[in-house]
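Commentary on secondary and tertiary structure
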Amino acid sequence: MDHTTVLKNLGFTDAELTGGTHVVTSPIDGAEVAKVHETTLADVPAIIAKSQAAFKAWRTLPAPRRGELVRLLGEELRTSKDALGALVTLEAGKITSEGLGEVQEMIDICDFAVGQSRQLYGLTIASERPGHKMSETWHPMGPCGVISAFNFPVAVWSWNTALALICGNPVIWKPSEKTPLTAMACAKILERAIARFGADAPDDLHQLLIGGADIGAALVESKDVPIVSATGSTRMGSIVGPKVAARWGRSILELGGNNAMIVAPSADLEMAVRGIVFSAVGTAGQRCTSLRRLIVHKSIKSELVEKLKAAYSSLSVGDPRNKNTLVGPLIDEDALSAMQNALENAIAEGGTVHGGEPVTQGVPAGAYAAPALVEMPSQSDTVKTETFVPILYVMEYDTLDEAIAMQNDVPQGLSSCIFTLNMREAETFLSATGSDCGIANVNIGPSGAEIGGAFGGEKETGGGRESGSDAWKGYMRRQTSTVNYSAKLPLAQGVSFDI
Ligand code: UN1
């Protein structure tokens, strides 16, 4: 589908797509798709003030009623699935199936959040004093800033927005400057849900900031934005985290990953190959959860590398809209240069590279590359650095302890996995002495997590958790209450204070 049709299907007007200063290009062919209007720094204080006003109204609606809005959002997303998926393909370069999969992830989190809206459970706590009752309840926090990256331009917004809304918080979204159109499309879809929801929804429940890092910084620095959920590079998080903390805000950080798979001697190698290829080259290696390191037992390394070389040689690289393409473009030329630099560094460190060359024949004019498989003698500095491209470093191990130590010996801690049919190995990997990541899988690759679990990781990944499980608590403030229904006023800890 050409870009005019994709944008028309989502209801974009000419005025939205022309006359602005922010140029949007498609990674498919580098062509200009739109010139959208940017938010100016001067606009930001009023946007935050409007969000604060929306908060005062939204927090008074019962949570299940707020859930109704998210239910409607899920319905609208179902209706728009094909159209929005096509825009994800156009703007982020994902193959059609992955573009649609990303929208499905949005629908899933909406369903989850609707149920959660009736389960913002607190606790009752046993008081040590007679005639006293203790409890813990959860309250809305205030405007939630969402900063998202190009690689999951819509799903990450939905994880945050679906939960923030049911928790009673308005949202201000600063999408990646590379993907403003998908953000504008999501805003339109949410607007439709809000229109159906009716007058209970305050104005400005959801607002967009279109622009670069300076606009994001204004959000990060405002004390009127109590929550900032930021997804992106570790470098970005290392700026956002301290700034939010300095003004006593709460940040939810989902930053870099350097995800590994351990392949043990007992592994089902056919299955491992499928898991490896999807997680290493899917989304052209541009997921936070992409597989970047393969730690293979020395007894099976050459067999596995041969199988992978065969699988890699059959991968079709090209226009992500073509049915047979499995590897679409990188986001831009900078990513292609970063890939070539990383490969040169790996060679200098003793690596042997298979594939990895830029692809220019039979593809549109974007930044395309053949995924690379790189055999490394050890876990060098280049291997420990996350390069957001389809490079898979392969190393060997002897004992499981050594493999787990290698898996953990990187600055990042997002996702990890082991392929083994040995129960002792699997359980050791998942134990306190195993993987140090927020996500640890067995016989499944590190990417493609379902929304039901908490998503995020430790160390330089930032420590935040989004999406399922009890991640909703990150969007609410906790209140502990003690009620004395007796006629006496005993003090805790047996303190006496007679006046
Ligand atoms: C990301 O790359 O920022 O687990 C998110 C996955 C997807 C989400 C990735 N469900 O790969």
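Residues numbered from 1 in each chain as written. Predicted model: local features only at pLDDT ≥ 70, side-chain atom pairs only at ≥ 80, totals over all residues. Heavy atoms only, no water.

The protein chain is annotated in an unreviewed UniProt entry as aldehyde dehydrogenase (NAD(+)) of Ahrensia marina. Comment text from UniProt for the protein chain, heading Subunit (unreviewed entry), reads "Homotetramer." Annotation of the protein chain in UniProt includes, under Sequence similarities (unreviewed entry), the sentence "Belongs to the aldehyde dehydrogenase family." (UniProt positions renumbered as here; feature names shortened; annotations may be inferred.)

**So, the UniProt feature "domain: Aldehyde dehydrogenase" (unreviewed entry) in the protein chain**
Under the present numbering, the feature "domain: Aldehyde dehydrogenase" (unreviewed entry) in UniProt falls on residues 21–480. A distance of 49 Å separates the end C-alpha atoms of residues 21–480, which is 39% helix and 21% strand. (Helix = DSSP H or I, 4+ residues; strand = E, 2+ residues; numbered from the N terminus.)

**Structural notes on the sheet that holds strand S7 (residues 206–208)**
The strand order across the open sheet formed by five strands is S7-S6-S5-S8-S9, and the pairing between neighbours is parallel. Of all the strands in the sheet, just S7 and strand S9 (250–254) have a single pairing partner and so form its edges. Averaged over neighbouring strand pairs, the angle between their axes works out to 15 degrees when direction is ignored. Where helix H7 (residues 155–166) meets the sheet, it contacts strand S5 (144–147), strand S6 (171–174), S7, strand S8 (227–231) and S9, and its direction lies at approximately 170 degrees from that of S6. Its contacts with the sheet place helix H8 (residues 180–197) against S6 and S7, and it is angled at close to 160 degrees to S7. (Pairing = 2+ DSSP bridges. Axes fitted to C-alpha atoms, helices over the stretch in contact; angles between N-to-C directions. Contact = heavy atoms within 4.5 Å.)

**Notes on the site of the ligand**
Around the ligand, the structure places Glu 105, Asn 151, Phe 152, Trp 159, Glu 254, Arg 287, Cys 288, Thr 289, Ser 447, Gly 448, Ala 449 and Phe 455. Within the backbone of Cys 288, an N or O atom sits 2.8 Å from an oxygen atom of the ligand. One of the side-chain N or O atoms of Thr 289 is found 2.6 Å from an oxygen atom in the ligand. Relative to its free-state accessible area of 320 Å², the ligand is covered by the protein chains to the extent of 100%. A breakdown of the residues in the shell around the ligand according to their chemical character gives five nonpolar, four polar and three charged. For the shell around the ligand, the two domains that each supply at least three residues are domain 1 (3–255 + 465–480) and domain 2 (259–442). (Near = heavy atom within 4 Å. Polar contact = N/O pair within 3.5 Å; in protein donor to acceptor, adjacent residues only side chain to side chain. Areas by Shrake-Rupley, 256 points an atom, 1.4 Å probe, with all protein chains shown as cover. Nonpolar A, V, L, I, M, F, W, Y, C, P; charged D, E, K, R; others polar. Domains from an automatic or database assignment.)

**Describing the environment of Leu 304**
Mapping Leu 304 onto the fold places it in helix H12 (residues 301–313). Those residues in contact with Leu 304 that lie beyond four places of it in its chain are Val 263, Leu 269, Val 273, Ile 276, Leu 294 and Val 296.

**Points about the sheet that holds strand S10 (residues 259–263)**
Strand order in this open sheet of seven strands is S12-S15-S16-S11-S10-S18-S19, and the pairing throughout is mixed. Each edge of the sheet is formed by a strand with only one pairing partner; in this case those strands are strand S12 (352–355) and strand S19 (439–442). Along the sheet, successive strands turn relative to each other by an average axial angle of 20 degrees, direction set aside. Relative to strand S18 (residues 415–419), S10 runs parallel, the two sharing four bridges. Opposite Ile 262, over in S18, you have Ile 418 as the bridge partner.

**With respect to the side chain of Thr 39**
Within the fold, Thr 39 resides in the loop between strand S2 (32–36) and helix H3 (44–58). Setting aside residues no more than four positions away along its own chain, Thr 39 makes contact with Val 44, Ile 47, Leu 208, Leu 209, Ile 210 and Ile 215.

**Focus: the UniProt feature "active site" (unreviewed entry) in the protein chain**
Within this numbering scheme, the UniProt entry marks Glu 254 as carrying the feature "active site" (unreviewed entry). With respect to the helices and strands, Glu 254 occurs in strand S9. With near-sequence residues (within four places) excluded, Glu 254 lies in contact with Trp 159, Ala 230, Thr 231, Gly 232, Cys 288, Leu 414, Phe 455, Gly 456, Thr 461 and Glu 466.

**Side note on the environment of Val 317**
Mapped onto the elements, Val 317 comes out in the loop between H12 and helix H13 (333–348). Val 317 sits 308 residues away from Asn 9 along the chain, and the two C-alpha atoms are 27 Å apart. Residues in contact with Val 317, not counting those within four places in the same chain, are Thr 325, Val 327, Val 359, Val 363, Tyr 368, Ala 369, Ala 370 and Pro 371.

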